[in-house]
Every structure is written in C-alpha cells, then in structure tokens.
Amino acid sequence: MIDFRYHLVSLISVFLALAVGIILGAGPLQGTLGDQLTEQVDALRTERNTLREELGQAQTTAQDQRRFIESAGDQLVAGSLAGMNVAVVEVDEVSDANRKAVLDQLEAADSTVVAQERLAASWTSADELTMRETVADGLREKLPADAVEGVVDEDSGPAELLAASLTVALTDSSGSSGSAGPSAFSEAALEQQHLLEQVGLVEQVAEPSAPADAILLLSSGATGADEEEQTQDADPEQTGMGALAALAGTSAEIAGTSVVAGPTTHDGDLIATIRADDGLSDLVSTVSGVEQTTGQIVVPLAIAAQDAGAVDQYGFEEGASVLPPVVEQGETQGDG
C-alpha cells in the first residue's frame, strides 16, 4: 500500500520542480527566451510586410496586363466578323455575366447576332429519350435533303436528327437575297423551328431574324454529374453530354462553322468531351475560359478562323492553342 511518506516525497518533488522552473525562468533563461520570442515576432512582421508589398505589386501588374489585353483585344476583334450572322445557342444554364461578355465581343467584332436560343433540359434528359425518339422520327422526313445530305441518314439517332433540325432552323435560307435585305428563312427552317418550340425542346431568347452563317454553342461548363444515375441504362450517345456533342458535330457539318465556348474546362464537361473525341475535335472549335477577358476575346476570333477553314481548340489547358490565327477581313466564308 502507498503510505503517507510516499505522498510526502511526491509533493516535495513537485514543489522542487516548480521552484527550479521559476528560478531558471526568472534568471538565466529569461533573457534567452525573451530574445528568441522577440526575434521570431520581428521575423514574422518582416515577412508579413514583404508579402504585402509583393501582393500589391502583383495586383498592379495584373491590372496593367488586363488593360493591355483589353486594348490589344479590341484591335484584334474589331471587324473580325464583319458581315457575318451568328446564332447563339445556350446548351444549359449559362451565367448572365458570361453571356453578356460573349455577346459584347460578338458585337465588337461587327457580327450580327440573328438568333438567341436555349435548349430545354429535355434535350439531354434520359427520362425524355422516348419523347425525343418520337419527335425525331417525325422530323426525319421534314428535313430538307439538300441541307442534310451526307450528314443524316436512316441510321441516325434522335440526337443527330434533332441537332440537324435545330441547325436547319437556324441556318437554312430560301436563297432569296438582294439589296432590300438579308436572305429569308426557308419554309423548312421555319417549320423545324416551330416544331422544336412546340414540343418544348427549344426556348427562344430572341426571335431569329435571319439565317445564320455560324452557330455558337454557349455552355456553363456543367458536367452532368447529377444525371449519372438516371443515364446508366440509357444510350450515352443519345443523352447527357453525348447529345450535346452530337449537336456540336452535326451543326458543324451542316452549317460549316460551329464553335463551342464555355468556362475553364473540367473533366466531363462539353468542351472536354469534344476535345477527347478526335472526330469531333477535327470538326468543331472550342474556346475555354470565357469567364476571363482572354477567353471572351478569343470567341469571335475562333469563329472567324473556323469560317476560314482553321479548326482548333483554344485555351490555356495542355494541348490547347492560346490564340487563333488572325483572319484578314474578307477571308471568312460568311462575308457576302
């Protein structure tokens, strides 16, 4: 058993240790510890001030570079799409800021935005695939043969047929043009537009005013991860990103110029899907980073470059080109 002497010795040891600590702290170690703490505080203060100065310099440099990019961009973009009609199709919920910034650059390029449309969620939903198959079968015979020849055939699925329908609706003209105004939509284009709206696959943001020379597909950068479970049993080429990729490829084959633009790309989004497909990336130009000034400037330049025959992928990701080739005014196919 533990007796009183054991407790007494333990208490004496504790008090001795405490006394030694107080004596050393107030005596020999006091100066050393104090000096070390003071030196550490001074070093941290100096480091903080240095980082603050570096941050200020970096912010100033970034602002200067942004002003240079905006000034250079104005010169590059101005007139790059003169005489070209562009249709803008939002494939999902694009932010107001990105939409406005891209439209401003199209205006600065002297193009005319002749249509603004938005795809409904039913365009990609696996739950609506049966509906799309029914609609596509009805549209198949109504598509103008001369517009979709070599692109759509009896083996084409609903994604390709609907993509062809929307492209015809936005680009097919009656062939009549003159000094009185631009070409008018063909009867087939008007019919396709009406049917797509009637079944709720497409929503007009601004009513189409003239056939487009180029189509810009504007994406939010969503990956469709939320739909992963519901698409497990569905054909991936006819739902989700597969349906949107089909729209990009089919519109490029029919219209000749189809560009996809969106924020900095991530695995599984539309731009990444197109870039991973050699066939699609040979047909469709993509522009990532439209949340930044640089990406916004590249959008009209990419349209002009593709219209002149140069298809590429633009952005700061590995394997992407930073800037499209400059196209002299008059080189674009869309110029009348």
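Since the model is a prediction, treat every value here as computed from it, not as a measurement.

A. Fine view of the overall build of the protein. Assigned secondary structure in the protein consists of 11 helices and seven strands. Per-residue burial over the protein gives 43% buried out of 336 residues. A sequence separation of at least 24 residues applies to 74% of the contacts in the protein between residues at least 6 apart. When the accessible area of the protein is evaluated, it comes to approximately 18100 Å², of which 52% is carbon and sulfur surface.

B. The pattern of salt bridges, seen in detail. According to the stated counting rule, one finds nine salt bridges in the structure shown. Here arginine 118 ties to glutamate 203 by a salt bridge, and the two come within 3.6 Å at their closest N and O atoms. Highlighted residues: arginine 118 in strand β2 (residues 112–119) and glutamate 203 in strand β3 (residues 202–206), separated in sequence by 85 residues. The class of glutamate 203 is partly exposed, set by a relative accessible area of 44%. Across the pair glutamate 191 and lysine 142 runs a salt bridge whose closest N-O atoms are separated by 3.6 Å. With glutamate 191 in helix α7 (residues 187–198) and lysine 142 in the loop between α4 (129–140) and α5 (145–148), this pair connects stretches of sequence that are 49 residues apart.

C. Examining a nonpolar patch on the surface more closely. Residues Leu76, Phe316, Val322, Leu323 and Val326 make up a contiguous nonpolar surface patch of about 500 Å² in total accessible area. Note that phenylalanine 316 resides in the segment after β7 (313–314). Looking at phenylalanine 316, the relative accessible area reads 64%, which means it is exposed.

D. Spotlight on the packing of helix α6 (residues 158–171) against α7. Close contact between α6 and α7 brings their axes to 7 Å; oriented N to C, the two are set at 125 degrees. On the basis of their axis angle, the class for α6 and α7 is oblique. The interaxial crossing formed by α6 with α7 has left-handed handedness. Along its contact with α6, which presents Leu162, Ser165, Leu166, Val168, Ala169 and Leu170, the element α7 presents Ala188, Ala189, Gln192, Gln193 and Leu196. Among the residues making up the contact of α6 with α7, the classes are represented as eight nonpolar, three polar and no charged.

Calculation rules
Once a new chain begins, its residue numbering starts again from 1 and follows that chain's sequence as written. Predicted model: local features are reported for residues with pLDDT of at least 70 only, side-chain atom pairs are reported and counted for 80 or more only, and whole-chain, interface and lining totals are derived from all residues. Working from all heavy atoms in the structure, the side-chain values ignore hydrogens and water. Here a strand is any run of E in DSSP of at least two residues, a helix any run of H or I of at least four, and the numbering for each starts at the N terminus. Categorising residues by exposure relies on relative accessible area from a 1.4 Å probe, with only protein chains included: less than 20% of the type maximum marks a residue as buried, more than 50% marks it as exposed, and the intermediate range marks it as partly exposed. In what follows, a contact means two residues having at least one pair of non-hydrogen atoms within 4.5 Å. Computed by Shrake-Rupley with a 1.4 Å probe, the accessible areas treat only the displayed protein chains as cover when residues are assessed. One speaks of a salt bridge when a side-chain nitrogen belonging to Lys or Arg is within 4 Å of a carboxyl oxygen belonging to Asp or Glu. Here the term patch refers to residues with relative accessible area over 30% and no salt bridge, with like charges joined within 9 Å and nonpolar side chains (Val, Leu, Ile, Met, Phe, Trp, Tyr) within 5 Å. Axis lines are fitted through C-alpha atoms, for helices just across the contact stretch, and the angle between N-to-C directions can take any value from 0 to 180 degrees. In this scheme, roughly parallel covers angles under 35 degrees and roughly antiparallel covers those over 145, while 65 to 115 is roughly perpendicular and the rest are oblique. In this scheme, a crossing is called left-handed if the near helix is turned counterclockwise away from the far one by less than a right angle; it is called right-handed if the turn is clockwise. Residues are grouped as follows: Ala, Val, Leu, Ile, Met, Phe, Trp, Tyr, Cys and Pro are nonpolar; Asp, Glu, Lys and Arg are charged; all remaining types, including Gly, are polar.

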